[in-house]
Amino acid sequence: MAEKIENPIQITPIIKWAGGKKRLAPTIEALTTQQVAFENIDTYVEPFAGGAAFFLYLATRYRFKHQVIMDVNAELINLYTQVRDHLADLITELGKLEVAYNALSEDDDFVAKKAYFYDMRTTFNNGITQSVTDETVTEIPTPVRQAALFVFLNKTDFNGLYRVNAKGTFNVPFGRRKTVSLVDQTNLQNFSDLLQNTTILQGDYHQSQQFAGNRTFFYFDPPYRPLTDSASFTSYTKSSFNDDAQVALADYTHVLAAAGAHFALSNSDPHQSDPTDDFFDTLYQDFTINRLTAARMISARSKGRGNVSELLIVH
């Protein structure tokens, strides 16, 4: 069973991620503990790791016997694996990128920094395809270098987005950052220490069923169902997470519940744009549905940012 940690340290996500739960984590914990006693949980599983904000929040407050983070995004999983297994080398690579970028001249059009960004983006995509996609950039990075490039691009691209095209290569444009800070050694070391007791898996959420049991808690933070036709601005992987995928995930949570497992799941609230849209209310009618207010921090337009209603389904 999990031991509650009286004086938890704070570990912050090392990347910005659309829909990240850093601000909402205390609320998610409070609503979840109305039904789930984390002291009775020995295994924590997060199948859509993303920026891992809720994992970082909860796993620093409860010492679980087993903890698992997984994601379909291979580059993201490589990043967390390198943080756990090769932190010193990763910090070295991050430092090189930080120094190189910050040393470039700052003209009004960001010419030098923009060129460097696109060279690094090409190198990163070479790492995804494991082939040279641009003859002017011939490097195929090592896993550690690839992880460092992931962080660099996340900090210097437009709005911290992660988006790929149909070929699976990263295509977010330059974000016009004057300087970048990539190395917080204390935070990275604390993150690495936490991951020493963590299983890191790359794959579909269905693979998490192996961990289901009556002392297992799952937290699901899948790609959100768009509230409008134009609201879906990220392609997290080559395949889209459409309504059929949302239904399949809901079916999966019923399988976990039947196995005795507990879970919480976040998603958008269709009532935000259409009060008659009961898509999730119907899918999760067997569980507790909470509505909470969240700050939308990533949007292509500034007027698209603000407070929105989200769902937290708990069992």
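Residues numbered from 1 in each chain as written. Predicted model: local features only at pLDDT ≥ 70, side-chain atom pairs only at ≥ 80, totals over all residues. Heavy atoms only, no water.

S.K.: Describe in detail helix 7 (residues 185-195), supporting the description with residues and values.
M.R.: Along helix 7, the residues classified as buried are Asn187, Leu188, Phe191, Ser192, Leu194 and Leu195. All buried residues of helix 7 project into a common sector of 160 degrees when viewed along the axis, lining one side. Among the exposed residues of helix 7, those oriented more than 90 degrees off its buried face are Gln185 and Thr186. Packed against the buried residues of helix 7 are helix 2 (53-58), strand 4 (66-71), helix 3 (74-85), helix 4 (87-103) and strand 5 (198-202). (Buried < 20%, exposed > 50% of the residue type's maximum accessible area, 1.4 Å probe, protein only. Helix = DSSP H or I, 4+ residues; strand = E, 2+ residues; numbered from the N terminus. Arc of directions from axis to C-beta. Contact = heavy atoms within 4.5 Å.)

S.K.: Can you break down the side chain of Asn125 residue by residue, with the values?
M.R.: Relative to the helices and strands, Asn125 is located in helix 5 (residues 111-129). With a relative accessible area of 8%, Asn125 lands in the buried category. Not counting residues within four places of it along the chain, the set of residues in contact with Asn125 comprises Thr169 and Phe170.

S.K.: Hey, could you go over unusual backbone geometry for me, with residue numbers and the actual values?
M.R.: Of note in this structure, Ala52 is not a glycine but carries a positive phi near 65 degrees. Locating Ala52 in the fold gives a position in the loop between strand 2 (43-46) and helix 2. Exposure remark for Ala52: the relative accessible area of 1% places this residue in the buried category. With a phi close to 55 degrees, Phe110 is a non-glycine residue in the positive phi region.

S.K.: Please provide a residue-by-residue account of the pairing of strand 2, values included.
M.R.: Along strand 2, one buried face is formed by Thr43 and Val45 and the opposite face, lined by Tyr44 and Glu46, is buried too. Relative to strand 6 (residues 216-220), strand 2 runs parallel, the two being bridged by three bridges. Paired with Thr43 across the bridge in strand 6 is Thr216. (Pairing = 2+ DSSP bridges.)

S.K.: Hey, could you go over the environment of Arg84 for me, with residue numbers and the actual values?
M.R.: Mapped onto the elements, Arg84 comes out in helix 3. Once the C-alpha coordinates of Arg84 and Ile200 are considered, the two residues, 116 residues apart in sequence, prove to be 9.3 Å apart. Those residues within four positions of Arg84 in sequence are excluded, and the remaining contacts are Ser192, Leu195, Gln196, Thr198, Thr199 and Ile200.

S.K.: Residue-level account of the packing of aromatic side chains, with values.
M.R.: Counted by the stated rule, this structure contains 32 aromatic pairs. For the pair Tyr62 and Phe64, a centre-to-centre distance of 6.1 Å together with 35 degrees between the ring planes defines the contact as tilted. Among the residues examined, Tyr62 registers a relative accessible area of 3% and is labelled buried. Taken together, a centroid distance of 5.3 Å and an interplanar angle of 45 degrees make the contact between Tyr162 and Phe170 tilted. Among the residues examined, Tyr162 registers a relative accessible area of 9% and is labelled buried. In textbook terms, an aromatic cluster arises when at least three aromatic residues are bridged by ring pairs, as seen for Phe48, Tyr205, Phe218, Phe220, Phe241, Tyr252, Phe263, Phe279, Phe280, Tyr284 and Phe287. In this structure, Arg225 packs its charged tip against the face of Phe279, placed 4.0 Å from the ring centre. (Phe/Tyr/Trp six-rings, centres within 6.5 Å; stacked < 30°, edge-to-face > 60°. Lys NZ or Arg CZ within 6 Å of the ring centre and 35° of its normal.)

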